[in-house]
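The residues making up each chain are set out below.
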Amino acid sequence: GISLPLLMFSSCASMVVPGSEKVRTGSNDPAPECDELGPVTGNADHLAGGDKNAIKHIKNNTFKLGGNYAKINWKSKSDVLASSWVTAMAYKCP
């Protein structure tokens with residue numbers, strides 16, 4: 001009984017939108033010719049991969065806006081009992 005729900009939860013948490021794997025992330029400002037698309041967020045609880053899956057959400061959300069770069073503005077501190085949160089600004093760069 002318990003393994004099936006956990007498996008389903010794990011697979012949902014790590015889903016990647018096709019194409020989002022090409023989105024780059026970083027803390028540097030993008031090149032001046034990049035267009036700002038808007039803020040994006042990502043979160044995942046510790047059991048669902050924490051920071052790693054929160055970054056996947058950032059990439060997914062940036063890609064959905066048509067972007068290819070996300071400047072990470074803030075990351076929550078990882079904690080076993082808490083969710084990981086990441087905020088970023090999405091950009092479309094040539």
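Residue positions are counted from 1 within each chain, in the order its sequence is given. Reporting of local features is limited, given that this is a predicted model, to residues whose pLDDT is at least 70; pairs of side-chain atoms are given and counted only at 80 or more, and all residues count toward the totals for whole chains, interfaces and linings. Just so you know, side-chain values use all the structure's heavy atoms and leave hydrogens and water out.

A. The arrangement of the overall build of the protein in detail. Where helices and strands are cited, they refer to DSSP runs of H or I of at least four residues and of E of at least two residues respectively, numbered from the N terminus. Secondary structure assignment for the protein yields two helices and four strands. Order of helices (α) and strands (β) in the protein, N terminus to C terminus: α-β-β-α-β-β. Only protein chains enter the accessibility calculation, which uses a 1.4 Å probe. A residue is then buried if its area is under 20% of the maximum for its type, exposed if over 50%, and partly exposed in between. When each of the 94 residues of the protein is scored for burial, the buried share is 34%. Methods summary: accessible areas were calculated by the Shrake-Rupley approach with a probe of 1.4 Å, and residue burial reflects only the protein chains presented. About 6100 Å² of surface is accessible on the protein, with carbon and sulfur atoms providing 60% of the total.

B. Local environment of the state of the cysteines. By definition, disulfides here are pairs of cysteine sulfur atoms that lie within 2.5 Å. In total, this model carries one disulfide according to the counting rule given. One disulfide in the model links cysteine 34 with cysteine 93; its S-S distance is 2.0 Å. Negative torsions about the S-S bond denote left-handed disulfides, and the value of about 115° found for cysteine 34 with cysteine 93 makes this one right-handed. Within this pair, whereas cysteine 34 is found in the loop between β1 (24-26) and β2 (35-45), its partner cysteine 93 is found in the segment after β4 (83-92), the two being separated by 59 residues in sequence. Among the residues examined, cysteine 34 registers a relative accessible area of 12% and is labelled buried.

C. Region of interest: the environment of alanine 90. Assignment of secondary structure puts alanine 90 in strand β4. With 19 residues separating them along the chain, alanine 90 and lysine 71 place their C-alpha atoms 6.6 Å apart. Two residues form a contact once any of their heavy atoms are found within 4.5 Å. In this structure, alanine 90 is in contact with Asp35, Glu36, Leu37, Gly38, Val40, Thr62, Leu65 and Tyr69, ignoring residues within four places of it in sequence.

D. Main features of the nonpolar core. The term nonpolar core refers to a set of buried residues drawn from Ala, Val, Leu, Ile, Met, Phe, Trp, Tyr and Cys, joined through side-chain atoms within 4.5 Å. If you look at the biggest cluster of nonpolar residues, it comprises nine residues: Val40, Ala54, Ile55, Ile58, Ala70, Ile72, Val86, Ala88 and Ala90. Those elements that provide at least two residues to this core are α2 (51-64), β3 (69-75) and β4. Beyond its immediate stretch of four places on either side in the chain, alanine 54 contacts Gly42, Asn43, Ala44, Ser84 and Val86. Membership of the second largest hydrophobic core comes to five residues, among which are Cys34, Tyr69, Met89 and Cys93.

E. Structural detail: the packing of aromatic side chains. Pairing of aromatic rings covers Phe, Tyr and the six-membered ring of Trp, with a centre-to-centre limit of 6.5 Å; geometry is then stacked below 30 degrees between planes, edge-to-face above 60, and tilted otherwise. Enumeration according to the criterion identifies one aromatic pair in this entry. Pairing tyrosine 69 with tyrosine 91 gives two aromatic rings, centres 6.3 Å apart and planes at 40°, and the pair type is tilted. One end of the pair, tyrosine 69, is in strand β3; the other, tyrosine 91, is in strand β4, and 22 residues separate them in sequence. Taken as a pair, tyrosine 69 and tyrosine 91 share a single burial class, namely buried.

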